[in-house]
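Per-entry structural report
If you want the building blocks of each chain, they are given just below.
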Amino acid sequence: MVRITTSTICGTDLHILKGDLPLVAEGRVLGHEAIGVVEEVGAGVSEFKVGDKVIVSCVTACLKCDFCKKSMYSHCRKGGWILGYLIDGTQAEYVRIPHADGSLYKFPSDANDEDMLMLSDILPTGFECGVLNGEVKPGDTIAIVGAGPIGLAVLLTAQFYSPAAIIMIDLDDKRLTVAKSFGATTLINSSNGDAAEQVMKLTNGAGVDAAIEAVGVPATFDICQAIVAVGGRIANVGVHGKPVELHLEKLWDRNIALTTRLVDTAATPMLLKVVSSGKLQPAKLVTHRFDMNEILKAYETFGNAAKEGALKVVLTNKAV
Ligand SMILES: NC(=O)c1ccc[n+]([C@@H]2O[C@H](COP(=O)([O-])OP(=O)(O)OC[C@H]3O[C@@H](n4cnc5c(N)ncnc54)[C@H](O)[C@@H]3O)[C@@H](O)[C@H]2O)c1
Ligand SMILES: [Zn+2]
Ligand SMILES: [Zn+2]
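Residues numbered from 1 in each chain as written. Chains lettered and ligands numbered in written order. Predicted model: local features only at pLDDT ≥ 70, side-chain atom pairs only at ≥ 80, totals over all residues.

In terms of burial, helix α6 (residues 149-158) is largely enclosed, as 10 of its 10 residues are buried. Listed in full, the buried residues belonging to α6 are P149, I150, G151, L152, A153, V154, L155, L156, T157 and A158. (Buried ≥ 20, exposed ≤ 12 C-beta atoms within 10 Å, placed from the backbone. Helix = DSSP H or I, 4+ residues; strand = E, 2+ residues; numbered from the N terminus.)

This is the structure in C-alpha cells:
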C-alpha cells in the first residue's frame, strides 16, 4: 500500500475518458504514474519496507511468468498495464500495488519528485516504444508526430543516439516551441494537412529513417506511412481507438518495419540512472501544479492543453 504524494495525468487517461479503452469499468480510479511512501507491506514483498519512498511504475510485473522472464512486463500474466485501467490507480490518496517487488522503484535520496515522476510512464514509453523500436541511430533523420509529453519524451531520449535531424510535428505551436528548446531541429505545424509533403520536401524526397507516432489517431499514423524512408521504421506509440488504413500498396516494396508496443518499463532502471545523473531533466515538462482536491480543474487544464499551454500537470496530495 503506497501513500501517494505526487501523481499526474497521462494522454491515455484522456483516451479512457473518450471511451477508447472499453475495458475500463465505471467508477475506476484512474492514474498510473506516482511518487509515494510505502504505508503497508504484504507478505510476498521482500524489497520494500514501510516508510520507503518509491516511484510507482505504470506497469505491474510479477517477475516470474513467461512474459516477465522475457522482460516483456507489459504482458505479465498477473499484471502488465492494469493500474488505473483494470484496477484502481494513482490519482488518489492511497493505492494498492500488486507484485510490489517488480512494480516499484526505490526513490534516490537526492532526487526531486517531479523528475522521478516522469519515470513512471513517459520516459520509458518514449524510449522503448519510440526510440528503441524506431531503432534511432547516429546520423538518422527522424520525425516525431505529436509533441505531447510522450512525443517530447521520445525527443529527449532519442538524443542518446545523436540523430542528425529531429523533425517535430504537432498542431500546437506552443508545444512545438517547447520541442525546439528540447532539441528538435525542425518544427512542422500540421494544421493545414501538408505535414507529409513538408517532410518529403525537407528530405529531398527521401523521407525519414524513423517515423514515430505519438498521438494515436488515423491522421498521424497516415503521416508516418507517407514519410517513412526506404529501409525505415514506423514506430507506433499512440493508443488507437479507431482503425487505421495500412497502405501496403505503397509500402510493400520499401523494406520498412512497423512496430507497436505497450511500454514494458524494462528500461526504467537505466533511465533512472540517467535522470539521477542530471543528464536529463524531465521535470522541465511540468507546466501546471494542482492539489489532488482540484483534480477536475487539472483534467480540464490537461484536456485543453493547447489553450492552457499545458504539458505535464502534477497533482500533489497535501492532505495525507
Ligand atoms: N504505447 C504505450 O505504452 C503508451 C504509453 C503512454 C501513452 N501512450 C499514448 O501516447 C500518446 C501520446 O500521449 P501524450 O500524453 O503525449 O498525449 P497528449 O494528448 O498530451 O499529446 C498528443 C499530441 O498530439 C497532437 N496532435 C493531435 N492530433 C494531431 C494531428 N492530427 N497532427 C499532429 N499532432 C496532433 C496534440 O496537439 C498533442 O500535442 C497517446 O495516444 C497516449 O495514449 C502510449
Ligand atoms: Zn500513460
Ligand atoms: Zn509476470
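In terms of domain boundaries, the protein chain breaks down into domain 1 (2-121 + 273-316) and domain 2 (125-260). Spacing between the C-alpha centres of domain 1 and domain 2 amounts to 26 Å. Between domain 1 and domain 2, the residue contacts involve 13 residues of the former and 12 residues of the latter. The greatest single-element share of the side of domain 1 that touches domain 2, amounting to 4 residues, is contributed by helix α1 (residues 11-18). Considered class by class, the residues forming the side of domain 1 that touches domain 2 number 5 nonpolar, 4 polar and 4 charged. (Domains from an automatic or database assignment. Contact = placed C-beta atoms within 7 Å. Nonpolar A, V, L, I, M, F, W, Y, C, P; charged D, E, K, R; others polar.)

Here the focus is the pairing of strand β13 (residues 312-316). Taking burial as the measure, the 5 residues of β13 include 4 buried ones, the bulk of the element. Note that strand β1 (residues 2-8) and β13 share 3 bridges and pair antiparallel. Bridge pairing in β13 places S7 opposite L315. Direction of pairing for strand β12 (residues 286-291) relative to β13: parallel, over a ladder of 5 bridges. Directly across from R289, in β13, lies its bridge partner V314. (Pairing = 2+ DSSP bridges.)

Moving on: the nonpolar core. Within soluble globular proteins, side chains that are nonpolar tend to cluster in buried spots. If you look at the biggest cluster of nonpolar residues, it comprises 88 residues, and the most contacted ones within it are A143, I144, V154, L155, V208 and I212. Sort the elements by how many residues they give to this core and α6 lands first, with 7 residues. Looking at which domains feed residues into this core, each of domain 1 (2-121 + 273-316) and domain 2 (125-260) supplies at least three. Not counting chain neighbours up to four residues away, the residues in contact with V154 comprise G126, G130, V131, I144, I212, A214 and V237. (Core = buried A, V, L, I, M, F, W, Y, C linked by C-beta atoms within 7 Å.)

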